[in-house]
Amino acid sequence: MTTDKPAARTLKLKPGAASKTPSDPYAPRRAPVRPPGPARAKSVSASAPKPPREPSPGYGAPRGGPEGPRSERPAPRRAEAPRAAAERAPRGPAPAPRPPAHRPDLARVGNVRGEVRLNKRMADLGLCSRREADEWIARGWVTVNRQPAVMGQPVPPDAQVEVAPQARHQQSGQVTILLHKPVGYVSGQPEDGHEAAATLIGAPSQWRGDARMPGDGRRFAPEHTRGLAPAGRLDIDSTGLLVLTQDGRVARTLIGESSGVEKEYLVRVHFAPNGPQGAGVVAQDVQAVFPPAQLALLRHGLSLDGQALRPAQVDWQNPEQLRFVLTEGKKRQIRRMCEQVGLHVVGLKRIRIGRVLLGNLPVGQWRFLGADERF
């Protein structure tokens, strides 16, 4: 029995392969080294001169090389646009601008015709203040010759102006308050850290005599402090009678343009011909050293802010105190008048406005203006 054995396989090795050691599978691979070849040609330097470029054709010229344009599309015909516009038919003249709508000045028209604005007419008639008149007109409470009134309407002198009962009812609820203002309070809005005098109005500071038996039967209510405005101011260093009111008629009577209500003051002074910090200040028996001619200037002849002052009543109340009666109320008027004649005011108190007296009202307290009291 014969068995066929497979032929033995032989491996052919390349020369030198037996001497090569097996490579580490984790060793980093290296790029194969290229054999040196022929030298490469050097690139052209950027500094080498470049061949001249052909000038680019202008806008609208055909593009392409020397053999001709690339396409047969004609260039845009921009140059013919002005000529086409010139050949158009000329248009007519531009229309003149429309003038603005004419709105006549009602006040000027009224002056020409002898008329005045309705709110001024109502104030002149004593019906209310101008501000109240504008409010009533806006609410439809005013008629002129039985026709509803319009804001800013001019009215002739013989126009019949009527007010609705609602306006009278609103006006009847307005109050006027008399306050003995202390030093350190301002008459109007708070300023420079000082409180307004209106903050003193309240039930605790109401004068006892007025709280027990008010002249018109009124009792204090929170709504009485709304809209209170000073009708005649006192500066922060002054004390005395201050009127605060919700009624525009009272305000117009006391501080209106044509107001001639008297206001009486007691003024304590020093004679200071060189100023209050200068030499020669006299604090006792000022009347004996004050020149009579200067007293005459206080009565009439001084000016403030470029305007002559109205005549005033000025007399000695005692050797250190003067009594002033004025019919106007410029800012710090008495103090500035005294400075012009060599006097320095050290105390100022208002004791009367019209026919209403400060009386025995204590400092810091207030009372209602009585129903029978008139300025």
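Summarised in this report is the structure supplied together with it. (Residues numbered from 1 in each chain as written. Predicted model: local features only at pLDDT ≥ 70, side-chain atom pairs only at ≥ 80, totals over all residues. Heavy atoms only, no water.)

Quick look at the packing of aromatic side chains
No. 1: Under the criterion given, the structure shown has 4 aromatic pairs.
No. 2: Where Trp366 meets Phe368, the ring centres are 5.1 Å apart and the plane angle is 90°; that geometry is what we call edge-to-face.
No. 3: Exposure remark for Trp366: the relative accessible area of 0% places this residue in the buried category.
No. 4: Of the aromatic side chains, those joined through ring pairs into one cluster are Phe220, Trp366 and Phe368. (Phe/Tyr/Trp six-rings, centres within 6.5 Å; stacked < 30°, edge-to-face > 60°. Buried < 20%, exposed > 50% of the residue type's maximum accessible area, 1.4 Å probe, protein only.)

Things to note about the nonpolar core
No. 1: Counting 25 residues, the largest nonpolar core has Val269, Leu298, Leu322, Phe324 and Leu343 as its most contacted members.
No. 2: Only strand S11 (263-271), helix H9 (292-299), strand S14 (313-318), strand S15 (321-326), helix H10 (333-340) and strand S16 (343-353) provide two or more residues apiece to this core.
No. 3: Tallying contributions element by element places S11 first for this core, with 4 residues.
No. 4: Setting aside anything within four residues of it in sequence, one finds Val269 in contact with Val286, Trp316, Glu320, Leu322, Cys338, Leu343, His344, Val345 and Val346. (Core = buried A, V, L, I, M, F, W, Y, C linked by side-chain atoms within 4.5 Å. Helix = DSSP H or I, 4+ residues; strand = E, 2+ residues; numbered from the N terminus. Contact = heavy atoms within 4.5 Å.)

Some details on the side chain of Glu264
No. 1: Turning to its location among the elements, Glu264 is positioned in strand S11.
No. 2: Polar side-chain contacts of Glu264 include one of 2.7 Å to the side chain of Arg352.
No. 3: Contacts of Glu264, omitting those with residues within four sequence positions, involve Arg323, Phe324, Val325, Lys349, Arg350, Ile351 and Arg352. (Polar contact = N/O pair within 3.5 Å; in protein donor to acceptor, adjacent residues only side chain to side chain.)

So, the side chain of Ser238
No. 1: One can find Ser238 in the loop between strand S9 (229-230) and strand S10 (239-245).
No. 2: One polar contact links Ser238 to Asp235, side chain to side chain, over a distance of 2.7 Å.
No. 3: Leaving out residues up to four positions away in the same chain, Ser238 has contacts with Lys181, Pro182, Val183, Arg335 and Leu348.

A few points about the pairing of S15
For a regular strand, side-chain orientation follows a simple rule: the groups alternate between the two sheet faces.
No. 1: Counted residue by residue, S15 has 5 buried out of 6 residues, so it is predominantly covered.
No. 2: With 6 bridges joining them, S11 and S15 adopt antiparallel strand pairing. By the bridge assignment for S15, Arg268 is matched with Gln321.
No. 3: One ladder, built from 5 bridges, connects S14 with S15; its direction is antiparallel. Paired with Asp315 across the two strands is Arg323, which belongs to S15.
No. 4: Following S14, the chain reverses through 2 residues before pairing antiparallel with S15. (Pairing = 2+ DSSP bridges.)

Some details on the environment of Asp235
No. 1: Inspection of the secondary structure puts Asp235 in the loop between S9 and S10.
No. 2: In sequence terms Asp235 and Tyr185 are 50 residues apart; their C-alpha atoms lie 8.1 Å from each other.
No. 3: Apart from the residues within four sequence positions on either side, Asp235 is in contact with Lys181, Tyr185, Arg332 and Arg335.
No. 4: Side-chain polar atoms of Asp235 contact the side chain of Arg335, separated by 3.2 Å.

Section: the environment of Trp207
No. 1: Inspection of the secondary structure puts Trp207 in the loop between strand S8 (176-181) and helix H6 (208-212).
No. 2: Placed 157 residues apart in sequence, Trp207 and Gly364 show a C-alpha to C-alpha distance of 9.3 Å.
No. 3: Sequence-distant contacts of Trp207, that is, excluding residues within four places in its chain, are made with Asn360, Leu361, Pro362, Gln365, Trp366 and Arg367.

Observations concerning the packing of helix H4 (residues 130-139) against helix H5 (residues 165-172)
No. 1: Contact pair H4 / H5: the axes reach a minimum separation of 11 Å and the direction vectors enclose 140°. The angle between the axes of H4 and H5 places the two elements in the oblique class. Between H4 and H5 the crossing geometry is right-handed. Packed against H4, whose contacting residues are Glu132, Glu135, Trp136 and Arg139, the element H5 presents Ala167, Gln170 and Gln171 at the interface. (Axes fitted to C-alpha atoms, helices over the stretch in contact; angles between N-to-C directions. Parallel < 35°, antiparallel > 145°, perpendicular 65-115°, else oblique. Left-handed = near helix turned anticlockwise from the far one by under 90°.)

Examining the pattern of salt bridges
No. 1: Counted by the stated rule, this structure contains 12 salt bridges.
No. 2: Residue Arg336 pairs with Asp305 through a salt bridge whose shortest N-O separation is 2.8 Å. You can see Arg336 sitting in helix H10 and its partner Asp305 sitting in the loop between strand S12 (303-304) and strand S13 (307-308), a full 31 residues away along the chain.
No. 3: When its relative accessible area of 61% is taken as the criterion, Asp305 is described as exposed. (Salt bridge = Lys/Arg side-chain N within 4 Å of Asp/Glu carboxyl O.)

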